[in-house]
Amino acid sequence: MRVEDVSRGAAGLAGCADGAAPELRLILVASPLAVRAGLAGVMAALGGRLGEADARQNVELVLAEVLNNIVLHAHGGRADGLVDLRLRPVADGVLCRVLDDGAPMARGGVPDGSFPPAGARGGFGWVLIRALASGISYRRREGRNCLEFRIVTGRAVRAI
Amino acid sequence: MIVEVAEHGAVLIVSVTGPRLDAAAAVGFKDSVRAVVRETRAVRVVLDLERVQFLDSSGLGAVIGLKQELAPERRLELAALGPAVRKVFRLTCMERIFAIHADAAAALSVAEDGPTHAC
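Residues numbered from 1 in each chain as written. Chains lettered and ligands numbered in written order. Predicted model: local features only at pLDDT ≥ 70, side-chain atom pairs only at ≥ 80, totals over all residues.

J.: I would appreciate a short explanation of the overall build of chain B in the present structure.
T.: What chain B contains, in helices and strands, is four helices and seven strands. When the helices and strands of chain B are listed from N to C terminus, the series reads β-β-β-α-β-β-α-β-α-β-α. Taking 14 Å as the expected radius of gyration for a compact globule of 119 residues, we find that chain B reaches 13 Å, a close match to that expectation. Its C-alpha atoms give chain B principal-axis dimensions of about 30 × 30 × 25 Å. Per-residue burial for chain B yields a buried fraction of 44% across its 119 residues. Restricting to contacts in chain B with at least 6 residues of sequence separation, those with at least 24 account for 73%. (Helix = DSSP H or I, 4+ residues; strand = E, 2+ residues; numbered from the N terminus. Rg over C-alpha atoms; globule rule 2.2 N^0.38 Å. Buried ≥ 20, exposed ≤ 12 C-beta atoms within 10 Å, placed from the backbone. Contact = placed C-beta atoms within 7 Å.)

This is the structure we're talking about:
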């Protein structure tokens, strides 16, 4: 497999190897309002090709949860944090690669998406991501987080 | 975050006017609802989400937090959940902890102790 860093020399974040160029790439500052604007950009660019409203909702929701996690946890409100989002629509979903130069994921890995305890106000982000995305992989490389996953837009969405 | 408020006896309808109840809006939303609830004697607070097209886990957490803050004196109920909003409540199994009405009018038409939605 050919391995190259598509972002080398660009303004974004290097450190997540990939053999295929993304179809859509966005670089955002890590803030809730930038996430909102970024999602609007993604949906404007890809929304028409994602099929039913249900599929578009899945894409917007999963990306929102992933990006908000980075703002909140990896960058922890740091003003100069960056997020590099790369998307490629495929037949039954959207392949996603998200890089950030914030802190590593807690306990070194991806939460399993189990339900938070009764009465919890938070902890639902990964429940939603796990329900609507597959093939989730996380790497920490050269001081950067790289999260890859496929948002499912076809019928294979896990039923709960 | 702007909310519209209409008091109908023991029921307070709080309508969220913005299309997104997301991480950027969650704190302002909670503050707004807290402020209007402080001034009411209503025992049922119905959150009308008809105009909300997108809700993420931050918005969900804000709604759950308000429900907990209002209890036990007041009950937070929901109305007019669109498909995208409903999906978040369904996937997180939070449908079962709220009374959910088709719309604000339906919320007003039910008895004070009435219906709870089963997940």
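J.: Can you help me understand the nonpolar core in this one?
T.: A general trend in soluble globular proteins is that nonpolar side chains are found buried together. One finds Val-62, Leu-128, Leu-132 and Ile-151 of chain A together with Val-46, Leu-47 and Leu-49 of chain B to be the most contacted residues of the largest nonpolar core, which totals 78 residues. Looking at this core, the element that brings in the most residues is helix α2 (residues 53–74) of chain A, giving eleven residues. If sequence neighbours within four positions are ignored, Leu-49 of chain B has contacts with Val-16, Leu-78, Ala-79, Ala-80, Leu-81 and Val-85 of chain B. (Core = buried A, V, L, I, M, F, W, Y, C linked by C-beta atoms within 7 Å.)

J.: Explain the interface of chain B and chain A to me, please; I cannot follow it from the model alone.
T.: Note: interface size is frequently given as the accessible area lost on complex formation between the parts. With 19 residues of chain B in contact, the opposing surface of chain A contributes 20 residues. Elements represented by at least two residues in the side of chain B that touches chain A include exactly α2 (57–70) and α3 (83–91) of chain B. A breakdown of the residues in the side of chain B that touches chain A according to their chemical character gives ten nonpolar, five polar and four charged. (Nonpolar A, V, L, I, M, F, W, Y, C, P; charged D, E, K, R; others polar.)

J.: What is the right way to look at the environment of Ala-133 of chain A in this model?
T.: Assignment of secondary structure puts Ala-133 of chain A in strand β4 (residues 133–141). Not counting residues up to four positions away in its chain, the partners in contact with Ala-133 of chain A are Val-62, Phe-149, Arg-150, Ile-151 and Val-152 of chain A.

J.: Looking at this structure, how should I read the pairing of strand β1 (residues 3–8) of chain B?
T.: It is a general feature of regular strands that their side chains alternate between the two faces of the sheet. All names here are of chain B. As paired strands, β1 and strand β2 (residues 11–16) are joined by six bridges and run antiparallel to one another. Within the sheet, the bridge partner assigned to Ala-6 lies in β2 and is Ile-13. Counted between consecutive antiparallel strands, the loop separating β1 from β2 contains two residues, among which Gly-9 sits at a positive phi close to 60 degrees. (Pairing = 2+ DSSP bridges.)

J.: What is the right way to look at α2 of chain B in this model?
T.: Because an α-helix packs 3.6 residues into every turn, residues spaced three or four apart end up facing the same way. Residues and elements named next belong to chain B. Taking 1.5 Å of rise per residue, the 14 residues of α2 would be expected to cover 20 Å, and the 20 Å separating its terminal C-alpha atoms lies within 8% of that figure. α2 sits mainly inside the fold: ten of its 14 residues count as buried. Within α2, burial applies to Ser-57, Ser-58, Gly-59, Leu-60, Gly-61, Ala-62, Val-63, Ile-64, Leu-66 and Lys-67. (Expected span 1.5 Å × (residues − 1).)

J.: Quick question: what am I supposed to make of the packing of α2 of chain A against α3 of chain B here?
T.: Helix packing geometry: the angle between the two helix axes and the distance between the axes. Where α2 of chain A meets α3 of chain B, the closest approach of the two axes is 10 Å, and the angle between their N-to-C directions is 60 degrees. On the basis of their axis angle, the class for α2 of chain A and α3 of chain B is oblique. Along this stretch, α2 of chain A crosses α3 of chain B, giving a crossing that reads as right-handed. Residues Ala-53, Gln-57 and Leu-61 of chain A of α2 of chain A touch α3 of chain B, and the partners they reach there are Pro-83, Ala-84, Lys-87 and Val-88 of chain B. Taken together, the residues that form the contact of α2 of chain A with α3 of chain B break down as five nonpolar, one polar and one charged. (Axes fitted to C-alpha atoms, helices over the stretch in contact; angles between N-to-C directions. Parallel < 35°, antiparallel > 145°, perpendicular 65-115°, else oblique. Left-handed = near helix turned anticlockwise from the far one by under 90°.)

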